[in-house]
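Chains, contacts and geometry: an overview
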Amino acid sequence: MSEYTTKCLIIGSGPAGYTAGIYTSRANLRPLMIEGVPGGQLMQTTEIENFPGYPEGVMGPAMMDDLRTQALRFGLETIPGEVTEVDFSKRPFKVKVNGGSHTVTADTVIISTGASARYLGLDDEQRYLGIGVSACATCDGFFYRNRVVAVVGGGDTACEEALYLSSLASKVYMIVRKDYLRASKYMQARVMQNEKIEVLFNTQTLGLFGDDNLEGAHLVRHQGTPDAENFDIKIDGFFLAIGHKPNTEVFKPFIELDEAGYVVTEGKTTHTNVPGVFAAGDVADPTYQQAISAAGMGCRAAIDAEHFLLMNV
Ligand code: NDP
């Protein structure tokens, strides 16, 4: 078992966490980061075209590698693993990693654990997980070259995944429960212009079928109306892109969360209800959820932590 002490513990390694790492290192707080899966969700994205400073766009993993390298350059230390228990009842705070293989004592904590992919909640999703069902086109798309796949969802993520899969698969269905795409106009246009993508509007998934591997999906159009119509599509892959849920379970006993589970922060600050614990990025931001807004919030959390240490420790 290893024990660590730090002025600032950063939990999570997405754009918010690494940006907080850059700022707190440069403020000489000698921060420590528990990385989880290094790079967070952006390790599973393809090209990012809207992060300022990359005029030609950048691949998600490459950008995260840049952010990590920049934070390490200023002295951020990292340990791999998942936080399994926290005690925020008094300062200094105590955090256990991987069930106690590491313990950390920290004067301040920045929570930047991001969010994880949501599933529909069908039993069949678990049955075919890894053999047809995936929540990451970038990770698993390769297995569906020249095959038929479906993407569930109508947001930017779903459009991005459908476009990526269209470069590999022979056909891509998008299963969209409303009669419109929620995605940005630009992404909508790219999807609608792509000949390999067929958007099934007003459609929901009832189940999946197949003997050893996934062979298709049972769908319904206009569910719950007199026009309801059940039909099947033959697919080899079923990709979920219906949003995310914040990774806050472990903080629940101490940190105030909203009804969707996001960390509640005070006004324009990154302060949580526990003085000395701050939150940044998607874990505390149900609204914007962009890499650049997460990075900005990581900067604010670092500055809030620095001020807190000046005044309180
Ligand atoms: P969103 O919440 O924007 O979209 C989720 C989609 O999934 C919606 O179409 C929603 O339908 C659908 N959905 C949710 N639950 C179900 C369900 N149970 N059954 C069927 N469909 C369901 O999530 P995203 O992950 O797409 O995006 C999150 C944020 O990240 C957004 O702000 C987005 O703009 C941003 N983003 C930006 C990118 C970029 O700029 N490059 C890339 C990816 C994401 P409905 O509309 O009916 O609610």
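Our subject is the structure that appears above.
Reference entry: report on the structure contained in this document. (Residues numbered from 1 in each chain as written. Predicted model: local features only at pLDDT ≥ 70, side-chain atom pairs only at ≥ 80, totals over all residues. Heavy atoms only, no water.)

So, the side chain of Asp 282
Filter applied, for reference: Comment: elements are numbered from the N terminus, with helices defined as DSSP H or I runs of at least four residues and strands as E runs of at least two. Any residue under 20% of the maximum accessible area for its type is buried, any over 50% is exposed, and the rest in between are partly exposed; the area is computed with a 1.4 Å probe on protein chains only. By the counting scheme adopted, Arg and Lys are positive, Glu and Asp are negative, and His together with the chain ends is not counted. Salt bridges are defined as contacts in which a side-chain nitrogen from Lys or Arg sits within 4 Å of a carboxyl oxygen from Asp or Glu. Nitrogen and oxygen atoms within 3.5 Å of one another constitute a polar contact, given that in protein one can donate a hydrogen and the other can accept it, and given that sequence-neighbouring residues count only through two side-chain atoms. Residues count as neighbours in contact if any of their non-hydrogen atoms are within 4.5 Å of one another.
By the element assignment, Asp 282 lies in the loop between strand S19 (277–279) and helix H7 (291–312). Here Asp 282 is buried and forms no salt bridge, its nearest opposite-charge partner Arg 300 lying at an N-O distance of 11 Å. Reaching out from Asp 282, the side chain makes a polar contact with the side chain of Gln 41 at a distance of 3.4 Å. Setting aside its immediate chain neighbours within four residues, Asp 282 contacts Gln 41, Gly 114, Ala 115, Tyr 262, Gln 289 and Gln 290.

Some words on the pattern of salt bridges
All told, the structure shown has 6 salt bridges when counted by the stated rule. Put simply, Arg 68 and Glu 35 hold a salt bridge, and the shortest N to O gap is 2.6 Å. Within this pair, whereas Arg 68 is found in helix H2 (residues 60–73), its partner Glu 35 is found in the loop between strand S2 (32–34) and strand S3 (47–48), the two being separated by 33 residues in sequence. Overall, Arg 68 belongs to the partly exposed group, its relative accessible area being 24%. A salt bridge links Arg 147 to Asp 236; its shortest N-O distance comes to 3.6 Å. Placement of the pair is Arg 147 in the loop between helix H4 (137–140) and strand S11 (148–152) and Asp 236 in the loop between strand S16 (229–234) and strand S17 (237–240), with a sequence separation of 89 residues. On the basis of relative accessible area, Arg 147 is assigned to the partly exposed category, the value being 39%.

Thoughts on helix H5 (residues 156–166)
Think of an α-helix as turning once every 3.6 residues; residues three or four places apart then point the same way. If you check which residues of H5 are buried, you get Ala 158, Cys 159, Glu 161, Ala 162, Leu 163, Leu 165 and Ser 166. Buried positions along H5 lie against H4, S11, strand S12 (171–175), helix H6 (185–193), strand S13 (197–200) and S17.

Describing the packing of aromatic side chains
How two aromatic rings sit relative to each other is given by the distance of their centres and the angle of their planes. What counts is decided by this rule: Classification of ring pairs rests on two measures: the distance between centres of Phe, Tyr or Trp rings, Trp counted by its six-membered ring, which must be within 6.5 Å, and the angle between planes, read as stacked under 30 degrees, edge-to-face over 60 and tilted in between. When the NZ atom of lysine or the CZ atom of arginine is within 6 Å of a ring's centre and also within 35 degrees of its normal, the charge is said to sit over that ring.
Summed over the entire model, instances satisfying the criterion amount to 7 aromatic pairs. With 6.3 Å between their ring centres and 55° between their planes, Phe 51 and Tyr 54 make a pair best called tilted. Judged by relative accessible area, Phe 51 falls into the buried class, the value being 13%. With centroids separated by 5.4 Å and ring planes inclined at 75°, the aromatic side chains of Phe 88 and Phe 93 adopt a geometry described as edge-to-face. These aromatic residues form a ring-pair network of at least three members: Phe 88, Phe 93, Phe 251 and Phe 254. Positioned above the aromatic ring of Phe 74 is the side chain of Arg 26, whose terminal nitrogen or guanidinium carbon lies 4.7 Å from the ring centre. Positioned above the aromatic ring of Phe 142 is the side chain of Arg 145, whose terminal nitrogen or guanidinium carbon lies 4.1 Å from the ring centre.

So, the sheet that holds S12
Through backbone hydrogen bonds, the strands of a sheet pair up, either in parallel or in antiparallel fashion. Cut-off, in case you're wondering: DSSP-based pairing: two strands are paired if at least 2 bridges between them are found.
Sheet architecture is open: 5 strands sit in the order S10-S17-S11-S12-S13, paired in parallel fashion. Strand pairing shows two members of the sheet lacking a second neighbour, strand S10 (133–134) and S13, which therefore form its edges. In the sheet, S11 pairs with S12 via 5 bridges, with the strands oriented parallel. In the sheet register, Val 152 faces S12, and the bridge partner there is Ile 175.

Examining the site of the ligand
Operational definition: Here a residue is considered near a molecule or strand provided that any single heavy atom belonging to it is located within 4 Å of it. Each accessible area is a Shrake-Rupley estimate made with a 1.4 Å probe; only the visible protein chains count as cover when residues are assessed. Under the convention adopted here, Pro, Cys and the residues Ala, Val, Leu, Ile, Met, Phe, Trp and Tyr are nonpolar, Asp, Glu, Lys and Arg are charged, and Gly plus all remaining residues are polar.
Close to the ligand lie 18 residues, the nearest being Asn 50, Gly 154, Asp 156, Thr 157 and Arg 182. In this structure, Thr 157 approaches the ligand through a side-chain N or O atom, which is 2.7 Å from an oxygen atom. A distance of 2.9 Å is found between an oxygen atom of the ligand and a side-chain nitrogen or oxygen belonging to Arg 177. Calculation on the ligand without its partners gives an accessible area of 910 Å², and the protein chains cover 77% of this total. Of the residues contributing to the shell around the ligand, the split by class is 4 nonpolar, 9 polar and 5 charged.

Examining the nonpolar core
Rule in force here: We define a nonpolar core as any set of buried Ala, Val, Leu, Ile, Met, Phe, Trp, Tyr and Cys residues linked to one another through side-chain atoms lying within 4.5 Å.
Membership of the largest hydrophobic core comes to 52 residues, with the highest contact counts inside it found for Leu 9, Met 63, Phe 88, Val 109, Ile 110 and Ile 111. Looking at which element gives the most residues to this core, the answer is H7, with 9 residues. Setting aside its immediate chain neighbours within four residues, Ile 110 contacts Cys 8, Leu 9, Ile 10, Ile 11, Ala 20, Thr 24, Phe 278, Ala 280, Ala 301, Ala 302 and Ala 305. In this structure, Val 176, Ala 183, Phe 239 and Ala 241 belong to the second largest nonpolar core, which totals 21 residues.

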